[in-house]
Number of protein chains: 2
Amino acid sequence: MSYKQILYNTTPAPAIDPSLSGKGTFRVNTVPRPSNVPADKLLVRVHYLSLDPAMRQWLTAKRSYIAPVELGAVMRGQSIAQVVAVGSDLGSKFKTGDWVVAYSGWQEYAVLGAKEVEKVAIPAGGRPTDAMSVLGVTGLTAYFGMTEVGQLRPGDTVVVSGAAGATGMVAGQIAKIKGAKRVVGLAGSPDKCEFLVKELGFDAAINYKDPNWRKQLKEATPEYIDVFFDNTGGEILDACLARAARDARFAICGAISQYNSAKPQGPTNFMNVISHRITMKGFIVFDFAKKYPAALQELASWLSQGKLKRKEHIVPGGLEGAPKALVDLYAGVNTGKMMVEVAPISEAVGAKAKL
Amino acid sequence: MSYKQILYNTTPAPAIDPSLSGKGTFRVNTVPRPSNVPADKLLVRVHYLSLDPAMRQWLTAKRSYIAPVELGAVMRGQSIAQVVAVGSDLGSKFKTGDWVVAYSGWQEYAVLGAKEVEKVAIPAGGRPTDAMSVLGVTGLTAYFGMTEVGQLRPGDTVVVSGAAGATGMVAGQIAKIKGAKRVVGLAGSPDKCEFLVKELGFDAAINYKDPNWRKQLKEATPEYIDVFFDNTGGEILDACLARAARDARFAICGAISQYNSAKPQGPTNFMNVISHRITMKGFIVFDFAKKYPAALQELASWLSQGKLKRKEHIVPGGLEGAPKALVDLYAGVNTGKMMVEVAPISEAVGAKAKL
């Protein structure tokens, strides 16, 4: 028995080449599936891979918050996986059929230590993939970015870029739940904008591909911007600097517009930082790890009460679709959390959880 | 009797034209000197004008922390002035010969209300011009920028740009006094760098006009940068973003390299804000007004103990030298606080203070 992995093959220059033909950014590798699991390990089967904007940065050999993926290694990534075999030392903690969030990387199976997985506790009304999305790193990023970094206060005007993306849509909803006066989303299509306003309750949404988007942003923020939750950087960040209220907080979560750029664009309205006393703060969700439990409890309660809505964009077709899906993520094809279905839920062991 | 004023004449496009011939940014105006001072006013004679990097921004009609100067109005500015006549209602508060920090603008005399002046209390070893420099807005900007905005902690590595300028040189000295492990200044000539290290006790100083300055900055910050006090923006800000330590604080005080630019340059290394969790915070010293008294006391005590050194760059020749001096300020001609001598101290009323 064997299984497939996707390895990091060549450095993007700077765009990711999703071709698996040999010269692309990634290549496929096939390895034997172990028949015996070591005593201190688990064998998990990957069902859903998480695709995240940060991935492009992991392919860059630059001083950063995490070491880059090495050429020839399995591509790094989180997944929702199911335990299919348990090493003899771990029998008290895990059993076959358990769902876990796994630091598996891009492969169909993985042999992992107990610290490389987190058991998924599925709350009422929840599903395993939530643990990678609204009740996982994505939701936590939105939560801490809006509360701790953005220092959201009731009555604030909030703008979220990449608002139809996995993190942005949660960030905007949290702002509403926590008392923002006005939440405005920026997204890349009329459909996404409609979704934000009609389904998620944003006060306004602006399609940044519309030639008049700057004017619309101005009209949508009559009292300027108190909190900007930025996932995109580039021109949108610049436009929000121009609309910043005094003492505005800019939570810098991502810069998806710049990741694939050979020459990143700095915010030319940077001097507004001084005149409007703006605080721009970058963050990485891991820094808030000690506060995860309380945040997850709050997120889960909003989810079960229907105050917080989730949305997934699942790419079918198996592991080999991951490179193309990653390129699509940067192109903004998704609304909501982008995942690749490596193995459908119907193939899961038992019927422990419904997706 | 009459006196001269300098009025804002034409909008810079974008560079300031110091010519007073008619088409320049400023023009001279002559007005009669009042023989009777209104009951609620003072007549002051201006001795020293303060020249400040922020002035260029005051000539730009853009939403900012302060309204722009209107065309045809006296150019805005602080000065050290002496009271030469006191209105009848103000006799209990002021007397002829008092030294004041005056919001006089660029003119030889000014008729001002009591709220437009602050009496100078000259501490032991002090001189009136200190109230506009190390014991005035300049020193306070350095103080709050380093402590409240930069959140300096003992053991930090600190970098200051525009370090030989009025604010920068105080900021760097405060960092040393407050326990920084290492203070590195960036300045625009070998002489300035020598001054910073030999006279002010900076650990290192780098001439940013040297082709190898980036390499020197790297070598001077082996443990990266915890606090960056930025007066310049542009390429220096970018280089410091590349050298930021995790959780670095960037106190954004000014952007003198960008003020006269038609197309400001944004920091292209902006994405480091995320990976290194940098906080960039712009500030205006007036926001800390409630804390001025305690800060001034601390600054004055350091000054009298010789821990804090001052340096002035006084441009002689009278009021009409102010426009050219302002251009020189942006060219970095000065080491220390740039002032224009409108009237020498020898012409002061009485002999109350020595300069």
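Residues numbered from 1 in each chain as written. Chains lettered and ligands numbered in written order. Predicted model: local features only at pLDDT ≥ 70, side-chain atom pairs only at ≥ 80, totals over all residues. Heavy atoms only, no water.

Where an unreviewed UniProt entry is consulted, chain A appears under the name Enoyl reductase (ER) domain-containing protein, with the organism given as Penicillium cinerascens.

Got a sec to walk through the relation of the copies chain A and chain B? Specific residues and values, please.
When chain A is fitted onto chain B, the two copies agree to an RMSD of 0.0 Å after a turn of 180° and an axial shift of 0.0 Å. Seen this way, the second copy is the image of the first under a two-fold rotation axis. For chain A, the minimum C-alpha distance to the rotation axis belongs to Gly-266 of chain A and amounts to 2.0 Å. When the interface residues of chain A are mapped onto chain B, 100% of them again lie at the interface, so the same face is used by both copies. (Least-squares fit on C-alpha atoms with pLDDT ≥ 70 in both. Contact = heavy atoms within 4.5 Å.)

I'd like to hear about the packing of aromatic side chains, residue by residue, with values.
Tallying each qualifying case throughout the model produces 22 aromatic pairs over all chains. For the pair Tyr-143 of chain A and Trp-302 of chain A, a centre-to-centre distance of 6.2 Å together with 35° between the ring planes defines the contact as tilted. With a gap of 159 residues between them, Tyr-143 of chain A in helix α2 (residues 137-149) and Trp-302 of chain A in helix α8 (residues 292-305) connect regions that are remote in the sequence. For the pair Tyr-143 of chain A and Trp-302 of chain A, a shared accessibility class is recorded, and that class is buried. With a centroid separation of 5.7 Å and 55° between ring planes, the pair formed by Tyr-3 of chain B and Tyr-109 of chain B is classed as tilted. Of the two residues, Tyr-3 of chain B sits in strand β1 (residues 2-8) while Tyr-109 of chain B sits in strand β6 (residues 109-113), which places them 106 residues apart along the sequence. Summarising the burial analysis for this pair, Tyr-3 of chain B and Tyr-109 of chain B share the class buried. Ring pairing ties together the aromatic residues Tyr-143, Phe-144, Phe-288, Tyr-292 and Trp-302 of chain A, which thus form one cluster. Note that Arg-33 of chain B overlies the ring of Tyr-109 of chain B, its terminal NZ or CZ placed 4.2 Å from the centroid. (Phe/Tyr/Trp six-rings, centres within 6.5 Å; stacked < 30°, edge-to-face > 60°. Helix = DSSP H or I, 4+ residues; strand = E, 2+ residues; numbered from the N terminus. Buried < 20%, exposed > 50% of the residue type's maximum accessible area, 1.4 Å probe, protein only. Lys NZ or Arg CZ within 6 Å of the ring centre and 35° of its normal.)

Can you break down the pairing of strand β5 (residues 99-102) of chain A residue by residue, with the values?
Residue and element names in this part refer to chain A. Residues Trp-99 and Val-101 of β5 are buried on one face, and the alternating residues Val-100 and Ala-102, pointing to the opposite face, are buried as well. Pairing analysis gives 4 bridges linking strand β4 (residues 79-86) to β5, with the strands arranged antiparallel. Following the sheet pairing, Gln-82 is matched in β5 by Trp-99. With 3 bridges joining them, β5 and strand β7 (residues 117-119) adopt antiparallel strand pairing. When the sheet's bridge partners are listed, Val-101 is paired in β7 with Glu-118. (Pairing = 2+ DSSP bridges.)

Account for the environment of Asp-238 of chain A, with residues named and values stated.
Residues and elements named next belong to chain A. Mapped onto the elements of the fold, Asp-238 is located in helix α6 (residues 234-242). Owing to a relative accessible area of 8%, Asp-238 belongs among the buried residues under this scheme. For Asp-238, the contacting residues outside a window of four places in its chain are Gln-265, Gly-266, Pro-267, Thr-268 and Asn-269. Here the side chain of Asp-238 touches Asn-269 through a polar contact of 2.7 Å, landing on its backbone nitrogen. (Polar contact = N/O pair within 3.5 Å; in protein donor to acceptor, adjacent residues only side chain to side chain.)

Any chance you could break down the pattern of salt bridges for me, citing the residues and the numbers?
All names here are of chain A. Applying the stated criterion across every chain yields a total of 38 salt bridges over all chains. Of the charged contacts in the structure, one is a salt bridge between Lys-337 and Asp-52, with a shortest N-O distance of 3.0 Å. One end of the pair, Lys-337, is in strand β15 (residues 337-341); the other, Asp-52, is in the loop between β3 (41-50) and α1 (55-58), and 285 residues separate them in sequence. Assessed through its relative accessible area of 2%, Lys-337 is described here as buried. Given the relative accessible area of 19%, Asp-52 is considered buried. Note that Arg-214 and Glu-235 form a salt bridge whose closest N and O atoms lie 3.0 Å from each other. Pair noted here: Arg-214 is in helix α5 (residues 213-220) and Glu-235 is in helix α6, with a separation of 21 residues, a long-range link. (Salt bridge = Lys/Arg side-chain N within 4 Å of Asp/Glu carboxyl O.)

Account for the interface of chain A and chain B, naming residues and giving values.
Each side of the interface is counted separately: chain A has 37 residues, and chain B has 37 residues. Buried surface at the junction of chain A and chain B, summed over both partners, amounts to about 3100 Å²; 58% is from carbon and sulfur atoms. The largest contributions to the chain A side of the interface with chain B come from Arg-63, Met-271 and Ile-274 of chain A, which together make up 24% of the buried area. Where chain A touches chain B, the interface holds 4 salt bridges. Where the side of chain A that touches chain B is concerned, the elements lending two or more residues are α6, β12 (244-252), α7 (272-275) and β13 (279-282) of chain A. Of the residues in the side of chain A that touches chain B, the class split is 19 nonpolar, 11 polar and 7 charged. In this structure, β13 of chain A lies alongside strand β13 (residues 279-282) of chain B, joined through 3 bridges in antiparallel fashion. Paired with Met-280 of chain A across the strands is Met-280 of chain B, a residue of β13 of chain B. (Buried area = accessible area lost by both parts, 1.4 Å probe. Nonpolar A, V, L, I, M, F, W, Y, C, P; charged D, E, K, R; others polar.)

Before we move on, could you go through unusual backbone geometry and cite the residues and values that matter?
Residue Pro-14 of chain A follows Ala-13 of chain A across a cis peptide bond; omega there is -15°. The backbone of Arg-277 of chain A shows a phi angle near 55°, a positive value even though the residue is not glycine. Relative to the helices and strands, Arg-277 of chain A is located in the loop between α7 and β13. Among the residues examined, Arg-277 of chain A registers a relative accessible area of 7% and is labelled buried. The backbone of Tyr-224 of chain B sits at a positive phi, close to 65°, despite the residue not being glycine. Inspection of the secondary structure puts Tyr-224 of chain B in the loop between α5 (213-220) and β11 (225-230).

Kindly report on the domain arrangement of chain A, identifying the contributing residues and their values.
Residue and element names in this part refer to chain A. Examined at the domain level, chain A breaks down into domain 1 (2-128 + 311-347) and domain 2 (137-288 + 296-302). Taking the mean C-alpha position of each, domain 1 and domain 2 sit 28 Å from one another. Between domain 1 and domain 2, the residue contacts involve 17 residues of the former and 15 residues of the latter. Taken together, both faces of the contact between domain 1 and domain 2 bury some 1400 Å²; the carbon and sulfur share is 65%. Run the count over domain 1 and domain 2 and you get 0 salt bridges. Residues that form the side of domain 1 that touches domain 2 fall into these classes: 8 nonpolar, 6 polar and 3 charged. (Domains from an automatic or database assignment.)

Let's hear about the sheet that holds strand β12 (residues 244-252) of chain B: which residues, and what values?
With mixed pairing, 12 strands are arranged side by side in an open sheet as β10(A)-β9(A)-β8(A)-β11(A)-β12(A)-β13(A)-β13(B)-β12(B)-β11(B)-β8(B)-β9(B)-β10(B). Strands at the two margins of the open sheet, each flanked by one partner only, are β10 (204-207) of chain A together with β10 (204-207) of chain B. Each adjacent strand pair in this sheet contributes to an overall mean axis angle of 15°, direction not counted. Contacts between helix α4 (residues 190-199) of chain A and the sheet are confined to β9 (182-187) and β10 of chain A, with β10 of chain A contributing the most and set at about 170° to the helix. Against the sheet, α6 of chain A touches β8 (157-160), β9, β11 (225-230), β12 and β13 of chain A, its axis set at about 155° to β12 of chain A. (Axes fitted to C-alpha atoms, helices over the stretch in contact; angles between N-to-C directions.)

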